[in-house]
Amino acid sequence: MPATANIRTIRFILLAFFSIAVCYKIFTSSAAPYTPAELNNVSGGDKAAPPALPKTELGNVNSQTTPNDQQKLRPAVAPGKRANATFITLARNSDTWELAKSIRHIEDRFNHKYNYDWVFLNDQPFDDQFKKVITRLVSGTTKFGLIPKEHWSFPEWIDQDKAAAVREDMRQRKIIYGDSVSYRHMCRFESGFFFEHELLQQYEYYWRVEPDIKLFCDVDYDPFLYMQENKKKYGFTLSLYEYKDTIPTLWQTVRKFMAEFPQHIAEGNNMQFISNDEGHTYNLCHFWSNFEIGSLSFLRSQAYRDYFKYLDKAGGFFYERWGDAPVHSIAAALFLKKEEVHFFDNIAYWHVPFTHCPTREEDREKYKCMCNPKDNFDWKGYSCTARFFESMGWPKPAGYEYQM
Ligand SMILES: Nc1nc2c(ncn2[C@@H]2O[C@H](COP(=O)(O)OP(=O)(O)O)[C@@H](O)[C@H]2O)c(=O)[nH]1
Ligand SMILES: [Mg+2]
């Protein structure tokens, strides 16, 4: 072999070796720029057990970012006891996506730490998509129930022709939901039957959630336990005046009931909230029942059952358009002591078109609220919350005058 060929071979071998070495370096450095431990530090690592940063770095992080230092992060699941409680939602299959939003709000602000169950009820069977989408969003156990026919139909004493004539009249007068049969079944079901459903029998407290609601603040305590430990029976966030045309004879029916069942009227009740003249007339004030945290044994009490039966016999769910909000509220005002009704001021809530945002700046800070306090409905003219405060003998909270 000539000498030049030898030199070429040696050059080729050296070049090949050098190229392989360079490729190896590039490949290994781009495939693994950090060790797994370093990666954890970069991304914040596992939520449950954040890796401890070196002291000097922690100092840096704290001086340049807000708000949480690592020690303040709460555990993913709140320790301690639970109440015997569930969320409850009445919904149609067509509500799936609006309801999904509500559930994310409740889970993100509260239930991912508490994992309470959630019962869903429908007058039609829930479809597979509803169950699949909803189940993956709820941190507790989901239960899907069908409403029995007798809880979602006209009772035999209702005159169908009379009811149809009322709907037509209300349609012409453009009364909201005035011509709807299903809305009337819904109001009657929420007034008198949801707490009788077999899926709710095991529970003591409920939190009602509707599709398309929002929570604006963290709920970093357990409202169910709060109810239990403070002997509360009914909780609300928003109150307002009812449309008079939907309940023309409701109050006269309630007055007849009170005369026939005086034993059900509680001592120390809150008649003052619902009447400006000691019970002669109804002032239309009610708690907005699309949000409720309540005691199921209150609704299952003899007083409430007698009351609902009496109203149902009078026919106003179909001959007028009685809503479950005034029906529940009148009961809460009359059959409970006024201290048993709780205003959940720190649960900031929206259901179209009203917002409840905590009045006090300290609360909005403490609970990491994202609502504009100017949107708070509590002190505006159409709200009954000022009246509730008056009935309780409470002063209005600081700052209310900027939210009127
Ligand atoms: N299964 C079922 N749920 C209903 C029906 N109508 C209303 N709902 C539910 O009843 C609640 C109140 O109804 P919604 O339309 O929100 O009434 P609004 O808040 O008074 O305007 C919501 O949870 C609805 O999903 C119905 O026909 N069938
Ligand atoms: Mg609604």
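Residues numbered from 1 in each chain as written. Chains lettered and ligands numbered in written order. Predicted model: local features only at pLDDT ≥ 70, side-chain atom pairs only at ≥ 80, totals over all residues. Heavy atoms only, no water.

In the annotation of an unreviewed UniProt entry, the entry for the protein reads Glycosyltransferase family 15 protein, and the organism field reads Dactylellina haptotyla. The record in UniProt for the protein states the following under Sequence similarities (unreviewed entry): "Belongs to the glycosyltransferase 15 family." (UniProt positions renumbered as here; feature names shortened; annotations may be inferred.)

A few words on the coordination of the magnesium ion (ligand 2). Looking at the magnesium ion (ligand 2), one finds its protein donor set to be Glu-210 (OE) and His-351 (NE2), positioned 1.9 to 2.2 Å from the metal centre. Taken as a pair, Glu-210 in the loop between strand E4 (205–208) and strand E5 (213–215) and His-351 in strand E11 (residues 349–351) lie far apart in primary sequence, 141 residues in all. For the residue pair Glu-210 and His-351, the accessibility class agrees, reading buried in each case. (Donors = N, O, S within 2.8 Å, 3.2 Å for Na, K, Ca; no water. Helix = DSSP H or I, 4+ residues; strand = E, 2+ residues; numbered from the N terminus. Buried < 20%, exposed > 50% of the residue type's maximum accessible area, 1.4 Å probe, protein only.)

To continue, consider the packing of aromatic side chains. Enumeration over the complete set of coordinates arrives at 53 aromatic pairs. Ring geometry for Phe-120 and Phe-130: centres 5.9 Å apart, planes at 80°, overall edge-to-face. Of this pair, Phe-120 sits in strand E2 (residues 117–122) while Phe-130 sits in helix H5 (residues 128–135), placing them ten residues apart in sequence. For the pair formed by Phe-120 and Phe-130, the shared burial category is buried. An angle of 55° between the planes, with centres 5.9 Å apart, marks the rings of Trp-152 and Phe-189 as tilted. With Trp-152 in the loop between strand E3 (142–146) and helix H6 (160–172) and Phe-189 in helix H7 (residues 181–192), this residue pair connects regions lying 37 residues apart in the sequence. The same class applies to Trp-152 and to Phe-189, which are both buried. Taking NZ or CZ as reference, Lys-162 lies 4.0 Å from the ring centre of Tyr-319, over its face. The ring of Trp-157 has Lys-313 lying over it, and the distance from NZ or CZ to the ring centre is 3.9 Å. (Phe/Tyr/Trp six-rings, centres within 6.5 Å; stacked < 30°, edge-to-face > 60°. Lys NZ or Arg CZ within 6 Å of the ring centre and 35° of its normal.)

Looking now at the pairing of E2. Within E2, six of the six residues are buried, leaving the element largely enclosed by the surrounding structure. On E2, burial covers both faces: Asp-117, Val-119 and Leu-121 on one face and Trp-118, Phe-120 and Asn-122 on the other are all buried. Bridge count for strand E1 (residues 85–90) against E2 is five bridges, and the pairing is parallel. Considered in E2, the bridge of Phe-87 is made with Trp-118. In terms of handedness, the path from E1 via helix H4 (residues 96–109) over to E2 forms a crossover that is right-handed. For E2 and E3, the ladder comprises five bridges, and the chain directions are parallel. What sits directly across from Asn-122, in E3, is Leu-146. (Pairing = 2+ DSSP bridges. Right-handed = clockwise from strand over helix to strand, strands pointing away.)

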